[in-house]
Amino acid sequence: MSTLIKELKEQKGYSESEKMIAEFMLENYRGIAAMSTRQMAKKTYTSPSAIVRFSQKMGFEGYTDFKVQFLAEMMQYMNQPSESEVFTSRDTVRNAIEKATRMELNAIKETNSRLEPSYVVKVLQYLMEAEHIDFYATDENLNIARHAASNFVFMGKSYTVPLADTQMYFMSVNVSKKHFNVLISRTGENRMLVDAAHNIKARGGKMLLITGEKDSTLGRLADFVLVSASSDRVEALGYRIWWVCARYLVDMLMAAMITQRGLDSVGQRDEWLKKNFVI
């Protein structure tokens, strides 16, 4: 745990007003970035001068410097669970249930905090205009691709989810500019997907990458990148955290597409599928 976050949690030597400020920042860090001293003071029932004094007490010249460092350390803290946030042999079943719930909720909140609406709008533009969606994924990520494909059916989008590596390769070398390409890779370094991405880029295709690592080979090749919270640690739910958050990103895209397409057309398609298929 970072020194700053630890101090805010422990609150040693804090006055009552300082405790209120610390607790508010820890619980509402996602909205802190755009919050002024006046807004912070109103939320914590203190004053702008109290916010500045607290910032200086923490070792910063002012509130802005404190806020920037706090947000940077909070992001790092959320991505690196402490020992108390992972499963151990000392946990009871109740503890395990509570930890699993907290881990998944926090991971989804962290993923949400990385989303910029204006950026998502740009992704939506390509999704809405595409005649067909091509998915690139391997192994367990194929389940995420299938989930995404089932969502996009409700948006009237046809799709391809190749099950074999050879199919994925041939799809990438025959890519159409009328198709939109969605790549799914937790690490952003999957060798097959990297080769496919090079093929797509060489042919002028547009790509969206859903990943846990923006700073990766695929991240540098893709036109758009949506970043999920992720963890390599088994005792911190590891792959499961990535899977939950990647599905969340897919569901977020579907919800945003519904707002663009309209509920009536989506509802009609839903009724048709219920009538003709078991869903």
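All figures in this text were calculated on a predicted structure; none of them were measured in a lab.

**Quick look at the packing of helix α2 (residues 16-27) against helix α4 (residues 48-57)**
Then comes step 1: As a packed pair, α2 and α4 sit with axes 11 Å apart at the nearest point and diverge in direction by 80 degrees. In terms of orientation, α2 lies roughly perpendicular with respect to α4. In this structure, α2 contributes Glu 18, Ile 21 and Ala 22 to the contact, and α4 contributes Ala 50, Ile 51, Phe 54 and Lys 57.
Then comes step 2: Class assignment for the residues of the contact of α2 with α4 results in five nonpolar, no polar and two charged.

**As for the side chain of Asn 181**
Then comes step 1: Within the fold, Asn 181 resides in strand β3 (residues 179-185).
Then comes step 2: From its side chain, Asn 181 meets the backbone oxygen of Lys 206 in a polar contact 3.0 Å long.
Then comes step 3: Excluding its chain neighbours within four sequence positions, the residues that come into contact with Asn 181 are Asp 134, Tyr 136, Val 175, Ile 200, Gly 205, Lys 206, Met 207 and Leu 208.

**What about the pattern of salt bridges?**
Then comes step 1: Inspection of the entire model under this criterion finds seven salt bridges.
Then comes step 2: When the shortest N-O distance is used, the salt bridge between Lys 12 and Glu 10 registers 3.8 Å.
Then comes step 3: Of the residues examined, Lys 12 reaches a relative accessible area of 67% and is grouped as exposed.
Then comes step 4: The partner of Asp 223 in a salt bridge is Lys 206, and the shortest N-O contact between them spans 3.8 Å. Placement of Asp 223 in the loop between α11 (217-221) and β5 (224-227) and of Lys 206 in strand β4 (residues 206-211) is noted, with a sequence separation of 17 residues between them.
Then comes step 5: Overall, the relative accessible area of 33% leaves Lys 206 in the partly exposed class.

**Here we look at helix α10 (residues 191-202)**
In an α-helix there are 3.6 residues to a turn, and that puts residues three or four apart on one side.
Then comes step 1: Between the first and last C-alpha of α10 there are 17 Å, a value that for 12 residues agrees with the 16 Å anticipated at 1.5 Å per step.
Then comes step 2: Taken residue by residue, α10 has Leu 193, Val 194, Ala 196, Ala 197, Asn 199 and Ile 200 as its buried positions.
Then comes step 3: Check the buried side of α10 and you find it contacts β1 (132-136), α9 (165-173), β3, β4 and α11.
Then comes step 4: N-capping of α10 is provided by Asn 190, with a side-chain oxygen placed 3.1 Å from the backbone N of Met 192.

**Let's talk about the pairing of β4**
Then comes step 1: The element β4 is largely enclosed, with a buried count of five among its six residues.
Then comes step 2: Of the pairings in the sheet, the one linking β3 to β4 comprises six bridges and is parallel in character. Among the inter-strand pairings, Phe 180 is bridged to a residue of β4, identified as Lys 206.
Then comes step 3: In terms of strand pairing, β4 meets β5 through four bridges, oriented parallel. Within β5, the position partnered with Thr 211 by the bridge is Val 227.

The rules behind the values
- Residues numbered from 1 in each chain as written.
- Predicted model: local features only at pLDDT ≥ 70, side-chain atom pairs only at ≥ 80, totals over all residues.
- Heavy atoms only, no water.
- Axes fitted to C-alpha atoms, helices over the stretch in contact; angles between N-to-C directions.
- Helix = DSSP H or I, 4+ residues; strand = E, 2+ residues; numbered from the N terminus.
- Parallel < 35°, antiparallel > 145°, perpendicular 65-115°, else oblique.
- Contact = heavy atoms within 4.5 Å.
- Nonpolar A, V, L, I, M, F, W, Y, C, P; charged D, E, K, R; others polar.
- Polar contact = N/O pair within 3.5 Å; in protein donor to acceptor, adjacent residues only side chain to side chain.
- Salt bridge = Lys/Arg side-chain N within 4 Å of Asp/Glu carboxyl O.
- Buried < 20%, exposed > 50% of the residue type's maximum accessible area, 1.4 Å probe, protein only.
- Expected span 1.5 Å × (residues − 1).
- Pairing = 2+ DSSP bridges.

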